[in-house]
Amino acid sequence: MKITGIRTFLMQVGQPDPSNWASDHRPGGATSKQFGGTRNWLFLKIDTDEGITGIGECSGWPRVVETAIHDLAPLLIGEDPAHIERLWQKMHITMMGHGMLGTVGGGAMTGIDMALWDIKGKALGVPVWMLLGGKVRDRIPIYSHANTPERALALKARGIKAIKCGGVADPVRKVAALRDAVGDDMDIAIDLHGPPWLTPADACRLVRALEPYELMWVEDPIAPENFDGYRRIRDAAHVPLAAGERSATIFGERELIEKELVDVIQPDTGRAGGITQMKKIAAMAEAHHIQMAPHSGSLGPVAEYAALHLLAAIPNALILERLDDDWDGRRQTIVPHPQQVDGLIAVPDGPGLGCDIDEEFVSRFPSGGNVSVPQAAGAYNPGTDKEHVYVQTRVARRSYFNR
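Residues numbered from 1 in each chain as written. Predicted model: local features only at pLDDT ≥ 70, side-chain atom pairs only at ≥ 80, totals over all residues. Heavy atoms only, no water.

Here we take up the overall build of the chain. Helices and strands together make up the secondary structure of the chain, namely 15 helices and 15 strands. Rg of the C-alpha trace for the chain: 20 Å, near the compact-globule value of 22 Å for 403 residues, within the 12% margin. Taken as a whole, the chain presents about 15,600 Å² of accessible surface, with 53% of it coming from carbon and sulfur. Charge-centre separation for the chain: the mean point of 42 positive side chains lies 3 Å from the mean point of 51 negative side chains. (Helix = DSSP H or I, 4+ residues; strand = E, 2+ residues; numbered from the N terminus. Rg over C-alpha atoms; globule rule 2.2 N^0.38 Å. Areas by Shrake-Rupley, 256 points an atom, 1.4 Å probe, with all protein chains shown as cover. Lys, Arg positive; Asp, Glu negative; His and termini not counted. Charge placed at Lys NZ, Arg CZ, Asp CG, Glu CD.)

The following block contains the structure:
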């Protein structure tokens, strides 16, 4: 079998309601004010001379990633798609000439790698999880996003047993309100993903304040480059930490894992380097008793399928992020749409990934842009929101940490 071509499918995706997204938002403001109407999903298909086509998904700046895919395509055409590891290494060393691999290169390699696993599964007539060693579990638990008690209770009524809120504007009060609403029988996590990032000193103080709520984890409390800061937080508080969505490959996740700076590693299924890398990251994490919870907050449904196969096959799978109601078009993009029952999704059983996109539906939503300046209500110190700083020390500390 030989690869004959690679096709890409880029679409502009409808934005979720702000109350359904784990981030600070402007009260009463339109969703487009926060996201800029710029969320994109990028899918690709790899064709072969035997009529088998594999599908994948890429994230990490999709409009730019699409260009990277077409730049890589000549390296792959004429190759046997069965040799996934060799092709991954070939792509990796090719891009190293441009500098250390980031999420754009990682995103391009992810979609290609995902499609190669899909081809192999289809050629052998087995699901991808079978190629990864078989199933450890038949159903995958999920968590969704909730920033208000009303949203959390609606999710609880649907059988979802874990939620994540977000934002740095008023985190302790937000978590307290959610805990009061849902009680003790629902897990809560919080994502402190800025803007702006907390300094390590502020993150230590905040995470200590969150200790009484017995959170599932505190995610991205500081800027992702600050590994030493994670050690300070771990020494200051007894709360599980989670991070890793902004890095690609085992090399990007290595320090978080080997220094045991987190309890939960969160590689993004669309930009971490593909199923090949995700499996290796999971094994590295297992050796350090670290759990795996892939990031999926802004991804499309093909990457979700890939995550289901991976989580079915690894022992240290914790939970999958899922926003099944973020946009009505999600269900029309994928065939079949995963069925969620009581906060669990059944592992797919079809050959390969077991899914396809509706190409005609995707074509109705051409991309119009893919960048926006994040806007989050109250996240910046008063009067500084136009400065757009990356990291900021909290002022009015007495009121911020004791709300």
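The discussion continues.
This part covers empty space enclosed by the protein. The full count for this structure, using the stated rule, is two cavities of 30 Å³ or more. What the largest cavity holds in volume is close to 90 Å³. Broken down by secondary-structure element, the contributors of at least two residues to the lining of the largest cavity are α9 (227-236) and α10 (249-258). Residues of the lining of the largest cavity, tallied by class, amount to five nonpolar, three polar and three charged. (1 Å grid on protein atoms, 1.4 Å probe; cavity = no way out; pocket = protein on both sides within 12 Å on 5 of 7 lines; lining within 4 Å. Points joined across faces, edges and corners; volume = space filled by probe spheres on them. Nonpolar A, V, L, I, M, F, W, Y, C, P; charged D, E, K, R; others polar.)

This part takes up the pairing of strand β4 (residues 139-145). The buried fraction of β4 amounts to five of the seven residues, a majority that puts the element mostly inside the structure. Here three bridges tie β4 to strand β14 (residues 344-346), and the two strands are oriented antiparallel to one another. Pairing of Ile-140 across the sheet is with Ile-345, part of β14. By the bridge criterion, two bridges tie β4 to strand β5 (residues 162-166) in an arrangement that is parallel. When the bridges of β5 are listed, His-145 appears paired with Lys-164. Crossover β4 to β5 through helix α6 (residues 149-157) is right-handed. (Buried < 20%, exposed > 50% of the residue type's maximum accessible area, 1.4 Å probe, protein only. Pairing = 2+ DSSP bridges. Right-handed = clockwise from strand over helix to strand, strands pointing away.)

Helix-helix packing: each pair is described by the crossing angle between the helix axes and the interaxial distance. At a minimum axis separation of 9 Å, helix α8 (residues 200-210) and α9 run at an interaxial angle of 30°. The orientation of α8 with respect to α9, classified from their angle, is roughly parallel. The handedness of the crossing between α8 and α9 comes out as right-handed. Contacts between α8 and α9 involve Pro-200, Ala-201, Ala-203, Cys-204, Val-207 and Arg-208 on the former and, on the latter, Gly-229, Arg-232, Ile-233 and Ala-236. (Axes fitted to C-alpha atoms, helices over the stretch in contact; angles between N-to-C directions. Parallel < 35°, antiparallel > 145°, perpendicular 65-115°, else oblique. Left-handed = near helix turned anticlockwise from the far one by under 90°. Contact = heavy atoms within 4.5 Å.)

On the surface, a cluster of nonpolar side chains totalling about 290 Å² of accessible area is made up of Trp-61, Val-64 and Val-371. Secondary-structure assignment places Val-64 in helix α2 (residues 62-76). (Patch = residues over 30% accessible without salt bridge, like charges linked within 9 Å, V, L, I, M, F, W, Y side chains within 5 Å. Salt bridge = Lys/Arg side-chain N within 4 Å of Asp/Glu carboxyl O.)

In this section: the confidence of the model for the chain. The share of residues in the chain with pLDDT of 70 or more is 96%, and the mean pLDDT across the chain is 93. Predicted confidence for residues 27-35 stays below pLDDT 50, and this span has 21 contacts to residues more than four positions away or in other chains. (pLDDT = per-residue confidence, 0-100.)

Moving on, we come to the UniProt feature "domain: Mandelate racemase/muconate lactonizing enzyme C-terminal" (unreviewed entry) in the chain. Taking the numbering used here, the UniProt-annotated feature "domain: Mandelate racemase/muconate lactonizing enzyme C-terminal" (unreviewed entry) corresponds to residues 149-240. For residues 149-240, helix accounts for 46% and strand for 14%, while the C-alpha atoms at its two ends are 23 Å apart. (UniProt positions renumbered as here; feature names shortened; annotations may be inferred.)

Once that is clear, we can look at unusual backbone geometry. Cis peptide bonds are those with omega within 30 degrees of zero, and the linkage from Gly-194 to Pro-195 qualifies with 0°. In this fold, Pro-195 is placed in the loop between β6 (187-191) and α8. In this chain, Val-335 is followed by Pro-336 through a cis amide linkage whose omega measures -10°. Positionally, Pro-336 belongs in the loop between β12 (334-335) and β13 (340-341). In this structure, Thr-249 is a non-glycine residue whose phi angle is positive, near 70°. By the secondary structure assignment, Thr-249 is in helix α10.

As a further point, take helix α3 (residues 84-95). The end-to-end C-alpha distance of α3 is 17 Å, a good match for the 16 Å that twelve residues give at a rise of 1.5 Å each. Taken residue by residue, α3 has Ile-84, Leu-87, Trp-88, Met-91, His-92 and Met-95 as its buried positions. Seen from one end, α3 has its buried residues packed into an arc of 135°, which puts them on one side. For α3, the secondary structure elements touched by its buried residues are β1 (3-12), α2, α4 (103-124), α10 and α11 (275-287). (Expected span 1.5 Å × (residues − 1). Arc of directions from axis to C-beta.)

For the structure on display, the rule yields 31 salt bridges. Because the salt bridges share partners, they merge into one network encompassing Arg-7, Lys-45, Asp-47, Asp-356 and Glu-359.

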